[in-house]
Amino acid sequence: EFALLCGLTGHVFIHILCADGEVFGWWPKLLRKALFGTSGIRDYDVFKWWQVALYKPLAGCGVCNSGWIAIIHWQKYGEHNFFNFIFFVCCAIFTAWVLEKVRDRII
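Residues numbered from 1 in each chain as written. Predicted model: local features only at pLDDT ≥ 70, side-chain atom pairs only at ≥ 80, totals over all residues. Heavy atoms only, no water.

Looking at the confidence of the model for the protein
When pLDDT drops low, the exact placement of atoms in the prediction is not to be read closely. Residues with a pLDDT of 70 or more make up 97% of the protein, whose mean pLDDT is 90. The least confident element of the protein is helix H4 (residues 62–77), whose mean pLDDT is 88; the most confident is helix H1 (residues 2–17), at 94. (pLDDT = per-residue confidence, 0-100. Helix = DSSP H or I, 4+ residues; strand = E, 2+ residues; numbered from the N terminus.)

See below:
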């Protein structure tokens, strides 16, 4: 159940709280300016792999963000078993993915 909360947290942070005009709406713009040199949204193909690897989980992708939240919280809440770890992270990612698909159908 905690994996579901990690997925929900990642989705809510990226898609709701970091949206333009919301409380963390400044965060993606600041991160794009720091990493890419521009605050505008651009095609990821023109940037270096490490820039995209930093931006997506921190501000660009709710699924990526939820995976990292799960990885970080695993140390505190998870049983230290590799297969449980994989399942925990996959559940968080899947939760965020499902929420993203539901959101896309609603909007």
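From this point, things continue past the structure.
Quick word on the packing of aromatic side chains
Here the structure, examined in full by the defined rule, presents 10 aromatic pairs. A ring pair is formed by Phe82 and Phe83, whose centres lie 5.7 Å apart and whose planes are at 75°; its orientation type is edge-to-face. Of the two residues, Phe82 and Phe83, both sit in the exposed class. Of the aromatic side chains, those joined through ring pairs into one cluster are Phe2, Trp74, Phe85 and Phe88. (Phe/Tyr/Trp six-rings, centres within 6.5 Å; stacked < 30°, edge-to-face > 60°. Buried < 20%, exposed > 50% of the residue type's maximum accessible area, 1.4 Å probe, protein only.)

Quick look at the nonpolar core
Listed in full, the 8 residues of the largest apolar core are Ala3, Cys6, Ile69, Ala70, Trp74, Phe88, Val89 and Ala92. Secondary-structure elements contributing two or more residues to this core are H1, H4 and helix H5 (82–106). Excluding residues within four positions of it along the chain, Ala70 makes contact with Cys6, Phe88, Val89 and Ala92. Counting 7 residues, the second-largest nonpolar core is a separate cluster that includes Phe47, Val52, Tyr55 and Ala59. (Core = buried A, V, L, I, M, F, W, Y, C linked by side-chain atoms within 4.5 Å. Contact = heavy atoms within 4.5 Å.)

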